[in-house]
Amino acid sequence: MFSPLRDPAYRHLFAAQVAALLGTSLATVALGLLAHDLAGAQAGEILGAALAIKMVCYVGVAPVAGAIAANVPRKTLLVGLDLVRAAVALCMPFVSEAWQIYALMTVLYVASAAFTPAFQAMIPDILPNEADYTKALSLSRLPADLESVASPVLAAALLGFMSYNNLFAGTSLGFALSAVLVVSAALPALSSGSVRPFIRRLTAGLSLFVHTPRLRALIALSLASAAGGAMVFVNTVVLVQSEFASTERATAWALAAFGAGSMIAALTLPKLLTRLQDRTVLIAGAVVMGVGLAIGSIRERPASADDRAVPGHWEGDLLLGSNSSQIITLVERHSRYVMLAKIPNRETQTVVNALIKQARKLPDELYKSLTWDNGKELADHQRFTLETDVDIYFCDPHSPWQRGSNENTNGLLRQYFSRERT
């Protein structure tokens, strides 16, 4: 597996990739801490927006960058992208507004999205032997897995005697070192005769995807994996520092634990695949991921809500009737007191606005939590919590009995609020 490192050019590029990824991971830790410093418990909104920007940049920029990489000087492109990323990292400690994070992250992610395909496009020219090329592709995944463990651990150690803003300096240093290593690599000249037309290079990945059913089937599994990563990136700092009132170092250790789990899975997977089919392992992983994300829902509801001993814990649902009519139904678990709200549509903004209005009719001590069904009408549930300071807990899929009082009330209301069209 390590034989491609015998080639000096690939060895330098591999080292450049390691340096850049270590810097990127330090920036991930520092960005979470910066977002929490700016927005507190609402840091997830900033990090979620940053993640969305990253996805848009990678989906939109990476194919174009891969297509044009063959027509520009390789060292100039890679070094230029590294220097851009280093400059962005140096600007991060001076950020004071969320929009500044979005602007800088856009520049950083565009540069990173262009760097990766340009880097990978050079590997077959450096290592023309197919066996070496395959090993090099596998080897290039190793730094990505290692940095998810090493960088958070390094960040936790550094945060013991410096502020998180200084981690951005480490990020800049990593990109600068990457640029130096790229400059020192002796890259072969690209033969102009081997370059395919730009349009073909641009659409090659999409064409392969469309004509390969197995690749299309992997979308759902990729989404499951992405959901877990997004959960960690967006919510770790909020959970650690806002929910558990812990330290910045604890945030870094939490991210390191996620990376350690990824490494354990990567190391045990080859042996596992000798006993089980690939499909079985992939589907099992997706199911475990989904269950793991769902565990943090109704099971976090306080015991006082479960045993109905204290008033203030509510159950809710959106009841749909005929002619596109809908009613929000709310039932207090202790007293069975019912509140209803008629709304014009089932869009999440409308539903959340109505719930906020109902919550403000009651004293704080009489509205402490809300247990809701799993409908998409509460996709914007975080805004409700921010506006009312009321926690929302979601039922498990296909488990209406977890909000039984509300289900019973809905059954009674169905006598007068039919689904049938009139």
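Provided above is the structure to which this section pertains.
Residues numbered from 1 in each chain as written. Predicted model: local features only at pLDDT ≥ 70, side-chain atom pairs only at ≥ 80, totals over all residues. Heavy atoms only, no water.

Asks: Give me the side chain of S369: which residues, what numbers.
Replies: Mapped onto the secondary structure, S369 falls in strand 4 (residues 369-372). S369 sits in the buried class, given a relative accessible area of 2%. Reaching out from S369, the side chain makes a polar contact with the side chain of H313 at a distance of 2.7 Å. Among all residues touching S369, those that are not within four sequence positions of it are A305, G312, H313, W314, V390, D391 and Y393. (Helix = DSSP H or I, 4+ residues; strand = E, 2+ residues; numbered from the N terminus. Buried < 20%, exposed > 50% of the residue type's maximum accessible area, 1.4 Å probe, protein only. Polar contact = N/O pair within 3.5 Å; in protein donor to acceptor, adjacent residues only side chain to side chain. Contact = heavy atoms within 4.5 Å.)

Asks: Run through the packing of aromatic side chains, naming residues and quoting values.
Replies: Counted under the stated rule, the structure contains 4 aromatic pairs. When the centroid spacing of 6.3 Å and the interplanar angle of 85° are considered together, the rings of W314 and Y337 count as edge-to-face. Placement of the pair is W314 in strand 1 (residues 313-320) and Y337 in the loop between strand 2 (326-332) and strand 3 (338-343), with a sequence separation of 23 residues. Residue classification places W314 among the buried residues on the basis of a relative accessible area of 2%. Following the ring pairs from residue to residue traces out a cluster consisting of W314, Y337, Y367 and F384. Cation over ring: K54 sits above Y58, and NZ or CZ is 5.8 Å from the ring centre. Above the ring of F115, the side-chain terminus of R85 is found at 4.5 Å from the ring centroid. (Phe/Tyr/Trp six-rings, centres within 6.5 Å; stacked < 30°, edge-to-face > 60°. Lys NZ or Arg CZ within 6 Å of the ring centre and 35° of its normal.)

Asks: I'd love a proper account of the packing of helix 1 (residues 8-39) against helix 4 (residues 98-126), names of residues and values included.
Replies: At a minimum axis separation of 12 Å, helix 1 and helix 4 run at an interaxial angle of 160°. Viewed along their axes, helix 1 and helix 4 adopt a mutual orientation that is roughly antiparallel. Relative to helix 4, helix 1 is oriented so that their crossing is left-handed. Judged by residue contacts, A9, Y10, L13, F14, Q17, L31, L34 and L38 of helix 1 engage I101, M105, Y109, F119, M122, I123 and I126 from helix 4. Residues belonging to the contact of helix 1 with helix 4 are distributed by class as follows: 14 nonpolar, 1 polar and no charged. (Axes fitted to C-alpha atoms, helices over the stretch in contact; angles between N-to-C directions. Parallel < 35°, antiparallel > 145°, perpendicular 65-115°, else oblique. Left-handed = near helix turned anticlockwise from the far one by under 90°. Nonpolar A, V, L, I, M, F, W, Y, C, P; charged D, E, K, R; others polar.)

Asks: Any details on the pattern of salt bridges? Residues and values, ideally.
Replies: Tallied over the entire structure, the rule returns 6 salt bridges. Here R403 and D317 are joined by a salt bridge, their closest N and O atoms 3.0 Å apart. With R403 in the loop between strand 5 (391-394) and helix 14 (404-413) and D317 in strand 1, this residue pair connects regions lying 86 residues apart in the sequence. According to the relative accessible area criterion, R403 is buried, its value standing at 0%. In this structure, R360 engages E387 in a salt bridge whose closest nitrogen and oxygen atoms are separated by 2.9 Å. Taken together, the residues R360 in the loop between helix 12 (348-359) and strand 4 and E387 in helix 13 (residues 381-388) connect sequence positions 27 residues apart. Classification of R360 by relative accessible area gives exposed; the value is 56%. Among the residues examined, E387 registers a relative accessible area of 43% and is labelled partly exposed. (Salt bridge = Lys/Arg side-chain N within 4 Å of Asp/Glu carboxyl O.)

Asks: Summarise the pairing of strand 3; cite the residues concerned and give the values.
Replies: Walk down a regular strand and you will see the side chains alternate between the two sheet faces. The alternating pattern of strand 3 places M339, A341 and I343 on a buried face and V338, L340 and K342 on a face that is not buried. Both strand 2 and strand 3 contribute to a ladder of 6 bridges, which runs antiparallel. Directly across from V331, in strand 3, lies its bridge partner V338. Connecting the antiparallel pair strand 2 and strand 3 is a turn made up of 5 residues, with R336 showing a positive phi of about 65°. (Pairing = 2+ DSSP bridges.)

Asks: How would you sum up helix 1? Please name residues and give values.
Replies: Here helix 1 is 32 residues long and its end C-alpha atoms lie 46 Å apart, about the 46 Å a rise of 1.5 Å per residue gives. Two or three places before A9, at the opening of helix 1, D7 has a side-chain oxygen 3.0 Å from that residue's backbone nitrogen. Among the residues trailing helix 1, G40 stands out with phi positive, at a value near 60°. (Expected span 1.5 Å × (residues − 1).)

Asks: Lay out the nonpolar core with the relevant residues and their values.
Replies: Counting 37 residues, the largest nonpolar core has L31 and M92 as the members making the most contacts within it. Among the elements of the structure, helix 1, helix 2 (43-68), helix 3 (74-91), helix 4, helix 5 (130-158), helix 6 (165-184), helix 8 (213-243) and helix 9 (248-273) are those that each provide at least two residues to this core. Per-element accounting of this core gives the leading share, 8 residues, to helix 1. If near-sequence neighbours (up to four positions away) are discounted, L31 is found in contact with L47, M92, I101, M105, Y109, F168 and F233. (Core = buried A, V, L, I, M, F, W, Y, C linked by side-chain atoms within 4.5 Å.)

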